[in-house]
Amino acid sequence: MAVRNIRQMGDEILTKKCREIKLLTPRIRLLIEDMLDTMYEANGVGLAAPQVGVLKRVVVVDIGEGPIVLINPRLLESSGEQTGEEACLSVPGKYGIVTRPMYVKIEAWNEDMERVVLEGEELLARAFCHEIEHLEGHMYVEKVEDGLHEAVYEEEDE
């Protein structure tokens, strides 16, 4: 397992549509493990393959309830609305206000290539939408309602 470099906004790969995964190869398994390591190392809640330079339809998400691996995810339904702060590992040190669905239902395949249907509300819904958009070559900055802002991080007490 390894931590990969996260591509930054402005990198052309982040604007490209990803290819579907038809077969779970050892290389894809390694990609998934590396993506999880990279996401955790960067303190993120989600990461899409193009963010580490791979144009494949795979994302990982963990909002604090354990890792979720999504291969070839697609949105089935959405409802409601939530507006809040959103950030991205490919846009370090920035955040913006984005409106997303409050609830989503998605279909994907897990790391064993078993079909799964998952539902998410609030932060999980936001993370699913954010990461799936990366697979289409889109970033949250396209949806920001009031421009990008500098993120201010509180230092941990020792």
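Residues numbered from 1 in each chain as written. Predicted model: local features only at pLDDT ≥ 70, side-chain atom pairs only at ≥ 80, totals over all residues. Heavy atoms only, no water.

Chemist: Kindly report on the overall build of the protein chain, identifying the contributing residues and their values.
Modeler: If you tally the helices and strands in the protein chain, you get two helices and eight strands. Counting helices and strands in the order they occur from the N terminus, the protein chain gives α-β-β-β-β-β-β-β-α-β. On C-alpha atoms alone, the protein chain measures out to a radius of gyration of 15 Å, which is about the 15 Å that the 2.2 N^0.38 rule sets for 158 residues. For the protein chain, the C-alpha atoms occupy an extent of roughly 40 × 35 × 35 Å along the three principal directions. Burial statistics for the protein chain: of 158 residues in total, 43% are counted as buried. Pairs at least 24 residues apart make up 66% of the contacts formed inside the protein chain by residues separated by at least 6 positions. Total accessible area on the protein chain is roughly 8,900 Å²; 47% of this is exposed by carbon and sulfur atoms. (Helix = DSSP H or I, 4+ residues; strand = E, 2+ residues; numbered from the N terminus. Rg over C-alpha atoms; globule rule 2.2 N^0.38 Å. Buried < 20%, exposed > 50% of the residue type's maximum accessible area, 1.4 Å probe, protein only. Contact = heavy atoms within 4.5 Å. Areas by Shrake-Rupley, 256 points an atom, 1.4 Å probe, with all protein chains shown as cover.)

Chemist: Explain the environment of valine 54 to me, and be specific about the residues and the numbers.
Modeler: Within the secondary structure layout, valine 54 lies in the loop between strand E1 (46-48) and strand E2 (58-61). Sequence spacing of valine 54 and valine 91 is 37 residues, and the spatial spacing of their C-alpha atoms is 18 Å. With sequence-adjacent residues up to four places away left out, valine 54 is seen in contact with Arg4, Ile13, Cys18, Leu31 and Ala49.

Chemist: Got a sec to walk through helix H1 (residues 26-41)? Specific residues and values, please.
Modeler: Residues spaced three or four apart along an α-helix face the same direction, because each turn holds 3.6 residues. With 16 residues, H1 extends 22 Å between its outermost C-alpha atoms, agreeing within 8% with the 22 Å of an ideal straight helix rising 1.5 Å per residue. Among the residues making up H1, those that are buried are Ile28, Leu31, Ile32, Asp34, Met35, Leu36, Thr38 and Met39. Buried-residue contacts for H1 involve E1, E2 and strand E3 (68-79). (Expected span 1.5 Å × (residues − 1).)

Chemist: Which residues make up the pairing of strand E6 (residues 103-109), and what are the values?
Modeler: When you tally the buried positions in E6, you get five out of seven residues, the bulk of the element. When E3 meets E6, the two strands line up antiparallel, connected through six bridges. Following the sheet pairing, leucine 75 is matched in E6 by isoleucine 106. Between E6 and the antiparallel strand that follows it, strand E7 (residues 115-121), lie five residues; methionine 113 among them carries a positive phi value of about 60°. (Pairing = 2+ DSSP bridges.)

Chemist: I'd love a proper account of the nonpolar core, names of residues and values included.
Modeler: Across soluble globular proteins, you tend to see nonpolar side chains buried next to one another. Counting residues in hydrophobic clusters, the biggest one holds 24 residues, and the most contacted among them are Leu70, Val104, Ile106, Phe128 and Tyr140. Every element with two or more residues in this core is listed here: E2, E6 and helix H2 (123-135). If you tally residues by element for this core, the top one is H2, at seven residues. Ranked by size, the runner-up nonpolar core spans 17 residues in total, among them Leu31, Met39, Ala49 and Val58. (Core = buried A, V, L, I, M, F, W, Y, C linked by side-chain atoms within 4.5 Å.)

Chemist: Give a description of the pattern of salt bridges that names residues and reports values.
Modeler: Within this structure, the stated rule accounts for 14 salt bridges. One salt bridge connects lysine 105 with glutamate 77, and the closest N-O pair in it is separated by 3.8 Å. Of this pair, lysine 105 sits in strand E6 while glutamate 77 sits in strand E3, placing them 28 residues apart in sequence. Classification of lysine 105 by relative accessible area gives partly exposed; the value is 25%. By relative accessible area, glutamate 77 is classed as partly exposed at 39%. (Salt bridge = Lys/Arg side-chain N within 4 Å of Asp/Glu carboxyl O.)

Chemist: An account of the sheet that holds strand E8 (residues 149-150) is requested, with residue identities and associated values reported.
Modeler: Taken together, three strands build an open sheet; the order of strands is E4-E5-E8 and the sheet is antiparallel. Every interior strand has two partners, whereas the edge strands, strand E4 (82-86) and E8, have only one. Pairing geometry for strand E5 (residues 94-100) and E8, over two bridges, is antiparallel. Residue pairing across strands places tyrosine 95 opposite histidine 149, the latter belonging to E8. Sheet strands in contact with H2 are E4 and E5, and its direction is about 65° off that of E4. (Axes fitted to C-alpha atoms, helices over the stretch in contact; angles between N-to-C directions.)

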